[in-house]
Amino acid sequence: MKSTLLSLPFAAFALASLAVACDDDENKIGPSLSTGEVNITIDSLTFDLHATPIDQKDFDARSGNLLLGNLNVPEYGDLNCSFVTRLMCASGLNVPDSLSAPDRVDSCKIIMSVPRGDLTGDSLAPQKVSVYALTKQLPSGITNNFDPAGYYDPSSPLGTKSFTLSNICYSDSLFFYNKDKPATKFVDIAIDLPKSYGQEIFRQYRDNPSVFQWPQTFAQYMPGIFVNSGFGKGCVGNVQSLYFVVYYYHLKEQTTDVDGEKVTTVTHARDSVFPFSISPEVLSSNNISYKMSNHIKDMVARGETVVTTPGGYNTSFRFPAKEIVEKYNNGDFNLSMVSNLTMSIPAEQVENDFNIGTAPSLLLIKSSEVENFFAKNKLPDNVTSFTANYDAEKKQYAFSSMRAYILDILDKKEITDEDVEFTVVPVNITTETEKNYYGQVVGTYVTKCTPYTIKPTMTRLHTEKAMIVFSFTSQVIK
């Protein structure tokens, strides 16, 4: 433990922290306090948090980041990913009634887009995907272990496709982004569907267009789809978008006069519509099966702290709030004011040959609140829950705003186990920035915090070397 004391003129402290009523005798107050001394105390304490692993078999996997594929890495383990999703209907197909006849349909596809390089594993690894229509509504309490059996007919896929997540057939120069070629940023997986499926969509739109007006009514017509990964063990990709496309023919008639005689030219043209797609407004959930490697299990058995995603190990520990409060209360001073409380945990990548890295962000939260936090889509409040991003240069996670937590603890007559038991969960954080009139950023706000399901990660946390810095200002009246 290391403490640093700084002496400052008390006048500045008195002006900042004391309020005087207008009818008080200021002449009496000044002399009585001027003999005091102000100290700023900064305690840097290294703690062994004695972390305990949590085998996270069941977790909230609702997300707009949908993992697809299978991966086997000796150091990481075996990961199998599929997903279920409802679909957002189009408010209108923008097809004139005269053209919406089912016999005008030419073909129908599902197109899934994966950002180029947004994968783990070998992009050339062959894989197979099958898409099934759900036959009943998805449950509201869905998790990563949701079993879709009974929700679809395995003998009747809408379509299947063998694919790789590589664009190796294109020149690298084609991937230099410009506004005319935005599609080169993605690898598209196009799955052919039966022509009759597209015809049924047109028939439904023509006979009962109200079905497509609201997500609730559309869900009764189509509960959603199950996208299942088949063979292949070398790659997992992040599906960013999925949409249905119906291609249809329409006629363009051109009339001209030649030597007074009428000549008619009829052109068959093909157009398309997007009747439905995945969307943040509707339920999407990953089906994730992760079997940890013996390598990770052995690390944990040796007392090391490892957190993995998606699923696998989280970790928990007791925050040393009692020790901090005891030192604070035993100080020899009359007045005090807490400045800040921070905690940093050293961390590093678990070595592997597949470039599986560290979790980008961690959530530190009271263990008693983990379940409700994700179920109710809560945000970190810096009182019972905190976030930290991985600093690759310093190789650590720094939770920098824990002042409100320790103030709450100081107000308690008794510190309970619930007050000090915390869980660490890898999370995906969505933020928005606020700018002023001049375009300058004046604030960044967290708008969403969900379990990290974007990529496989495995992080070694050195919880035995956690650094806690507690600072406060105190004054002794002589």
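Residues numbered from 1 in each chain as written. Predicted model: local features only at pLDDT ≥ 70, side-chain atom pairs only at ≥ 80, totals over all residues. Heavy atoms only, no water.

1. Description of the overall build of the protein chain
- Each helix and strand counted, the protein chain has 9 helices and 27 strands in total.
- Here the protein chain, with 478 residues, has 45% of them falling under the buried criterion.
- Sequence separation of 24 or more characterises 80% of the internal contacts of the protein chain that already satisfy a separation of 6 or more.
- Carbon and sulfur atoms make up 49% of the accessible area of the protein chain, which amounts to about 24800 Å² in all. (Helix = DSSP H or I, 4+ residues; strand = E, 2+ residues; numbered from the N terminus. Buried < 20%, exposed > 50% of the residue type's maximum accessible area, 1.4 Å probe, protein only. Contact = heavy atoms within 4.5 Å. Areas by Shrake-Rupley, 256 points an atom, 1.4 Å probe, with all protein chains shown as cover.)

2. Topic: the pattern of salt bridges
- Throughout the structure, instances matching the rule amount to 14 salt bridges.
- For R302, the salt bridge identified is with E304, shortest N-O distance 3.0 Å.
- Residue R302 is classed as exposed on the basis of its relative accessible area of 56%.
- Taken together, the shared-partner salt bridges in this structure form one network comprising R302, E304, R460 and E464. (Salt bridge = Lys/Arg side-chain N within 4 Å of Asp/Glu carboxyl O.)

3. Describing the packing of aromatic side chains
- Under the definition given, this model contains 19 aromatic pairs.
- With 4.5 Å between their ring centres and 20° between their planes, Y76 and Y290 make a pair best called stacked. Of the two residues, Y76 is situated in the loop between β4 (66-73) and β5 (77-85) and Y290 in strand β17 (residues 284-292); the sequence distance between them amounts to 214 residues.
- Using a relative accessible area of 0% as the deciding quantity, one classes Y76 as buried.
- The class for Y290 is buried, based on a relative accessible area of 16%.
- Among the aromatic side chains, those forming a connected cluster through ring pairs are Y197, F218, Y221, F244 and F276. (Phe/Tyr/Trp six-rings, centres within 6.5 Å; stacked < 30°, edge-to-face > 60°.)

4. Notes on the pairing of strand β22 (residues 385-391)
- Sheet topology note: the strand β21 (residues 361-366)/β22 ladder contains 5 bridges and is antiparallel. Bridge pairing in β22 places L362 opposite A388.
- Alignment of β22 against strand β23 (residues 396-399), held across 2 bridges, turns out to be antiparallel. Residue pairing in the sheet places Y390 in a bridge with Y397 of β23. (Pairing = 2+ DSSP bridges.)

5. Side note on the pairing of strand β13 (residues 234-239)
- Burial analysis of β13 places 6 of its 6 residues in the buried class, which makes it a mostly covered element.
- Bridging between β4 and β13 involves 6 bridges; their strand directions are antiparallel. Looking at β13, one finds that L71 is bridged to G234.
- Pairing of strand β8 (residues 119-121) with β13 involves 3 bridges; the strand directions are antiparallel. Looking across to β13, one finds that G121 is bridged to C235.

6. Examining the side chain of S82
- Mapped onto the fold, S82 is located in strand β5.
- For S82, the contacting residues outside a window of four places in its chain are L67, F226, V227, N228, S229, N286 and N287.

7. Quick word on helix α5 (residues 294-301)
- Among all positions in α5, only I296, M299 and V300 are buried. Down the axis of α5, the buried side of the element spans an arc of 95°, and every buried residue falls inside it. Along α5, exposed side chains directed more than 90 degrees from the buried face belong to N294 and A301.
- Elements that come into contact with the buried residues of α5 comprise β3 (52-56), β17, β18 (305-309), β19 (312-318) and β26 (457-461).
- Looking one or two residues beyond α5, the residue adopting positive phi is G303, at roughly 95°. (Arc of directions from axis to C-beta.)

8. Re helix α8 (residues 403-410)
- By the burial criterion, the buried members of α8 are Y405, I406 and I409. Projected onto a plane normal to the axis of α8, the buried residues spread over an arc of 90° and lie on a single side.

9. Quick word on the environment of F244
- Relative to the helices and strands, F244 resides in strand β14 (residues 241-258).
- When the C-alpha positions of F244 and K109 are compared, they lie 5.8 Å apart, and in sequence the two are 135 residues distant.
- Filtering out sequence-adjacent residues up to four positions away, F244 remains in contact with L87, K109, I110, L193, Y197, M222, I225, V273, F274, P275 and F276.

10. Some details on the side chain of R460
- Here R460 shows up in strand β26.
- Overall, the relative accessible area of 11% leaves R460 in the buried class.
- A distance of 2.9 Å separates the side chain of R460 from the side chain of E304, its partner in a polar contact.
- Setting aside residues up to four positions removed in sequence, R460 forms contacts with M299, E304, T305, P346, A347, E348 and V350. (Polar contact = N/O pair within 3.5 Å; in protein donor to acceptor, adjacent residues only side chain to side chain.)

11. Some remarks on unusual backbone geometry
- T309 connects to P310 through a cis peptide bond whose omega is -10°.
- The phi torsion at H50 lies on the positive side, around 50°, for a residue other than glycine.
- For N377, which is not glycine, the phi torsion reads 55° and is therefore positive.
- Its location among the elements puts N377 in the loop between α7 (370-375) and β22.
- N377 gets classed as exposed once you look at its relative accessible area, which sits at 53%.

12. Brief notes about the packing of helix α6 (residues 321-329) against α8
- Interhelical geometry of α6 versus α8 gives an angle of 70° and a closest axis separation of 11 Å. Taken together, α6 and α8 sit at an angle that is classed as roughly perpendicular. For the pair α6 and α8, the crossing hand works out as right-handed. Every residue of α8 that contacts α6 at A321, I324, V325, Y328 and N329 is listed here: Y405, I406, I409 and L410.
- The class makeup of the residues in the contact of α6 with α8 is 8 nonpolar, 1 polar and no charged. (Axes fitted to C-alpha atoms, helices over the stretch in contact; angles between N-to-C directions. Parallel < 35°, antiparallel > 145°, perpendicular 65-115°, else oblique. Left-handed = near helix turned anticlockwise from the far one by under 90°. Nonpolar A, V, L, I, M, F, W, Y, C, P; charged D, E, K, R; others polar.)

13. Comments concerning the confidence of the model for the protein chain
- On average, residues of the protein chain score 84 in pLDDT, and 81% of them are at 70 or above.
- The model gives residues 1-34 a pLDDT under 50, and that stretch makes 38 contacts with residues more than four places away or in other chains. (pLDDT = per-residue confidence, 0-100.)

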